[in-house]
Amino acid sequence: MTFSSSYLFSLTTFIYMGAAALYLTHWIFRVQKVGLLATVVTVGGFVIQTVGIGLRWIESYQLGYGHAPLSNLYESLVFFSWVTVLVYLIIEWQVKQRVIGAFATPFASLAMAYASFSPNIEDKIQPLIPALKSNWLIIHVITCFLGYASFAVACGLGIMYLIKNRFSGGSAGMMGVIPDCKVLDELIHQTIIFGFLWLTLGIITGAIWANDAWGTYWSWDPKETWSLITWFVYATALHARFVRGWAGRRIAYLAIVGFVSVMFTYFGVNFLLSGLHSYGSQ
Amino acid sequence: MKASSSTYQDTSIWRFFSSVRLAVFLLITLAITSIIGTVIPQGESLHLYLETYGPTFFRIIKVLHLNDTYHSWWYLILLGLFSTNLVVCTLRRLPFTLKLCRRDNLSVDSGRLLKMPFKKDWEIKEELDNDSTQSIISTFKRVAGKFHERADVDGGRLFLAERGKWSYWGVYGLHGSILIIFFGALVGLFLGFKGSVMLPEGETIDHIVNRQTQENIPLGFSVRCDRFKISFYDNGAPKEYRSDLTVLNNDKEVFHKSIVVNDPMEYKGVTFYQASYRAIPEVTVQVAKSGTPQRSLTISAFQKALWPEEQLSFGLMQYMPDVHGMPAAQIWIGDQEGRSGNFWLLKGKEKEFQQGENLYRISLSNAKQRYLTGLQVKKDPGVWIVWLGCTVLIVGFTMVFWVPHRRMWLWIGRRKGKTIVILSGQTNKNKLQFEKNIRKIEEALNSSLGARQ
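Given the structure is predicted, the values throughout are model-derived calculations rather than measurements.

Q: Whenever I open this one, the overall build of chain A confuses me. Can you help?
A: Along chain A, the regular secondary structure elements total nine helices and zero strands. Helices and strands in chain A line up, N terminus first, as α-α-α-α-α-α-α-α-α. Over its C-alpha trace chain A gives a radius of gyration of 19 Å, about what one expects of a compact globule, namely 19 Å for 282 residues. For chain A, the C-alpha atoms occupy an extent of roughly 60 × 50 × 30 Å along the three principal directions. Within chain A, the fraction of its 282 residues that count as buried is 51%. By sequence separation, contacts in chain A at least 24 residues apart represent 77% of the contacts at least 6 residues apart.

Right, dumping it as structure tokens:
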């Protein structure tokens, strides 16, 4: 079993870590060719990971379970890193700024490293428990993770903004290659808008599913409540632009705080709080 | 604004409730306070909080209703303020939007056009003939789309292609949708119910138990559980919980449905969900008084079985499905005088027992699990309002952030013996795409007019 999905995912982990290192090198030493290489490596990793996800789906059918690879923590981490890379590559292609990669790809490689190396994460393909047997599973997970991944990128952009803002004096060297604060602010805003739409859709599809499965579209389960808290944070970020003195730095902070909230919704709720979404912790 | 001309819109309280600052404050407050209910367990009995948190913190929990945070008075006040903020914002913004939508974008002069974010003008020495003018207009139309025309503006012809003006209404949809969702939730709260029932196989119910008040809610019809079945994967994990239900109206069967998790049954606005199950053991014993024929009795857990001829009651105290490969049951026996005793019975081994003056023989002939299906039952007439609100929310959001209001003007006129052509435009979002489009017109006009400048 060399050509299995888990083999491809291990490979992806190393490729993404390499890509993150290349993006960082590109930023620190400002060598254009390294940046191009970073993009090529990332795209290569993305293709391998995509094949891996498809393969895992097929393997689940071969085992007789037959479900999309979105059913437990391991699979969700793989998917999270996949979507993060996708969202990042779209942004890189749109704004032609490779420096952002130094702040975005680490999220994807960390997620893969966590999935691959943590001893507590079950990476076997398991059958679906009755609660997860629904067409809403795929839609709900995809919408949520499109949101999560966008917010990861927005967080990276927020960190860039704060670095640039703090060392604004240096327009040369490492600071010089970071886009202007104005450009970053606009990028953060656009990324948050995109993520917010998907988070909202994720909450709505979750509500529809819960209404089908548990008989109530909202039960203040910790996972639900934390997704709402995250929603409040990003709604704040979207409105803060209209408040004098809030645009720029404070929104960059909100992009980071928002992502902390996303992370808590994703992991914290599973490990620290109990609730209906506990299957996410296995 | 002077005091005399100030309307109700300018009172300070009105301004307070319509401010974005308040919205930001409320969103942050809601985000922070919502954490409380995820840390403190919700809906437990009060003495449990006293035990866990001690008397001081318990008092805070009680006053602030932290055992039911999201329905506490202060959380509802926050949501009320949030709604007020939304309504007042909407009302305050409305006149501006109406003005924006009623504004006649054709009543601009050529000077204004030259102050737009995107502009380009050409000066041509000679007068344009009809054909060249038409070709300019059709170039404009090809990229800009449908347009309106006004003659004699500043001594020239003015063309306006405007798109997406309606997108200004998106924000009302977006904000209104939150209120629609709140309204739907209230409808469900006041006109619906949530309850549950444990229904043994083969039995029928005509009411359920309210989850909050523990009161009985009559259904107006009956539901019978014909069968409950649980199946497993090879690795032992549960695969499916299935209840075969029958709806009865005045003892007449009207509807069958087999429900599983994620596939509930709905009848007359009431929905039944597969939520849980319980298995209770049930044993069948053969009893006989010496000299009389054998009799079969079925004893369920938690229920006494009666042997009427002998005035004896039987109960099942314990059940073990596998004792040396055989099921075993601890049977309780009592008579009318209040005398009772118990003993273990292993399948395949007959036992004798004395009760009063009589001697009896008893044997365990059959043992099985009897299932109770746990159903979640709810009625929520507000759920469609909530879905409507969600739809409006998404549509409104898309309008606000992705539908631009864009205007492109073209002016063709004569000044000081020269022909002047002005192209200008403005958009409120997606400037990049807009610039691309207007550059397309510019280039086309450049190639047709450039030579004649």
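Q: Would you mind going over the sheet that holds strand S2 (residues 148-153) of chain B with me for this structure?
A: Pairing between the strands of a sheet is mediated by backbone hydrogen bonds and can be parallel or antiparallel. All names here are of chain B. Pairing is antiparallel across the open sheet formed by five strands, whose spatial order is S1-S19-S18-S3-S2. The sheet is open, and its two edges are formed by strand S1 (118-124) and S2, each paired on a single side. If you compare each strand with its neighbour and ignore which way they point, the axes differ by 15 degrees on average. One ladder, built from eight bridges, connects strand S3 (residues 156-163) with strand S18 (residues 406-415); its direction is antiparallel. Residue pairing across strands places Leu-158 opposite Trp-411, the latter belonging to S18. Relative to the sheet, helix H7 (residues 130-144) contacts S3, S18 and strand S19 (418-427), its axis offset from that of S18 by approximately 170 degrees.

Q: Would you explain the environment of Leu-238 of chain A in this entry?
A: All names here are of chain A. Its location among the elements puts Leu-238 in helix H8 (residues 222-240). Placed 16 residues apart in sequence, Leu-238 and Leu-254 show a C-alpha to C-alpha distance of 9.7 Å. If sequence neighbours within four positions are ignored, Leu-238 has contacts with Ile-192, Ile-193 and Phe-196.

Q: Quick question: what am I supposed to make of the nonpolar core here?
A: Most often, soluble globular proteins have nonpolar side chains that are buried together. Counting residues in each nonpolar core, the largest one holds 100 residues, and the members touching the most others are Leu-157, Ile-188 and Ala-255 of chain A. With 14 residues, helix H5 (residues 136-166) of chain A is the largest single contributor of residues to this core. Excluding its chain neighbours within four sequence positions, the residues that come into contact with Leu-157 of chain A are Ile-100, Phe-103, Leu-184, Leu-187, Ile-188, Thr-191 and Ala-255 of chain A. In terms of nonpolar packing, the next biggest core, distinct from the first, is built from 20 residues, Phe-159, Trp-411, Val-421 and Ile-441 of chain B among them.

Q: Looking at this structure, I do not really get the sheet that holds strand S13 (residues 312-323) of chain B. What am I missing?
A: All names here are of chain B. Strand order across the open sheet formed by four strands is S12-S13-S14-S15, with antiparallel pairing between neighbours. Every interior strand has two partners, whereas the edge strands, strand S12 (305-307) and strand S15 (340-346), have only one. With strand direction ignored, the average angle separating the axes of adjacent strands in the sheet is 30 degrees. Two strands pair when backbone bridges link them, and strand S14 (residues 326-334) and S15 are joined in this way by seven bridges, in the antiparallel orientation. Among the inter-strand pairings, Gln-330 is bridged to a residue of S15, identified as Trp-344.

Q: Would you take a moment to explain the domain arrangement of chain A for this structure?
A: One frequent convention defines the size of an interface as the accessible area lost when the parts assemble. Residue and element names in this part refer to chain A. You can read the domains of chain A as domain 1 (1-118) and domain 2 (130-282). Look at where the C-alpha atoms of domain 1 and domain 2 centre, and you get two points 20 Å apart. The partner domain 2 presents 24 residues to the 23 residues of domain 1 that form the contact. Looking at the side of domain 1 that touches domain 2, the elements that each hand over two or more residues are helix H1 (5-29), helix H3 (73-95) and helix H4 (101-117). Looking at which element gives the most residues to the side of domain 1 that touches domain 2, the answer is H3, with 10 residues. Each residue belonging to the side of domain 1 that touches domain 2 can be placed in one class, and the counts come to 17 nonpolar, five polar and one charged.

Q: What exactly am I supposed to notice about the domain arrangement of chain B here?
A: Segmentation of chain B into domains returns domain 1 (8-100), domain 2 (105-164 + 404-452), domain 3 (189-279 + 373-394) and domain 4 (281-370). Distance between the C-alpha centres of domain 2 of chain B and domain 4 of chain B: 99 Å.

Q: Quick question: what am I supposed to make of unusual backbone geometry here?
A: What is expected of a backbone is that most residues other than glycine have negative phi and most peptide bonds are trans. Residues and elements named next belong to chain B. Backbone geometry places Asn-250, a non-glycine residue, at a positive phi of 50 degrees. Mapped onto the elements of the fold, Asn-250 is located in the loop between strand S7 (238-249) and strand S8 (252-260). With 7 C-beta atoms packed within 10 Å, Asn-250 lands in the exposed category. Even without being glycine, His-324 reaches a positive phi, approximately 50 degrees. As for its placement among the helices and strands, His-324 is situated in the loop between S13 and S14.

Calculation notes
As a convention, each chain's residues are numbered from 1 in the sequence order in which they are written. Labels are handed out in written order, letters beginning with A for the chains and numbers beginning with 1 for the ligands. Selection of residues for local features in this predicted model requires a pLDDT of at least 70, selection of side-chain atom pairs for listing and counting requires 80 or more, and totals for whole chains, interfaces and linings are taken over all residues. Only DSSP runs of H or I covering at least 4 residues are called helices, and only runs of E covering at least 2 are called strands; the numbering of each starts at the N terminus. For a compact globule the rule gives 2.2 Å times the number of residues to the power 0.38, and the radius of gyration it is set against comes from C-alpha atoms. Counting other C-beta atoms within 10 Å of a residue's C-beta gives its exposure: the residue is buried at 20 or more, exposed at 12 or fewer, and partly exposed in between, where C-beta atoms are placed from the backbone. In this description, any two residues whose backbone-derived C-beta atoms lie within 7 Å of each other are considered to be in contact. A strand pair is defined by DSSP finding two or more bridges across the two strands. An axis is simply a line fitted to the C-alpha atoms; with a helix, the fit covers only the stretch in contact. Between two such axes, the angle follows the N-to-C directions and lies from 0 to 180 degrees. Each nonpolar core reported here comprises buried Ala, Val, Leu, Ile, Met, Phe, Trp, Tyr and Cys residues connected via C-beta atoms within 7 Å. Residue ranges labeled as domains rest on an automatic or database domain assignment. Three classes are used: nonpolar for Ala, Val, Leu, Ile, Met, Phe, Trp, Tyr, Cys and Pro, charged for Asp, Glu, Lys and Arg, and polar for all others, with Gly counted as polar.

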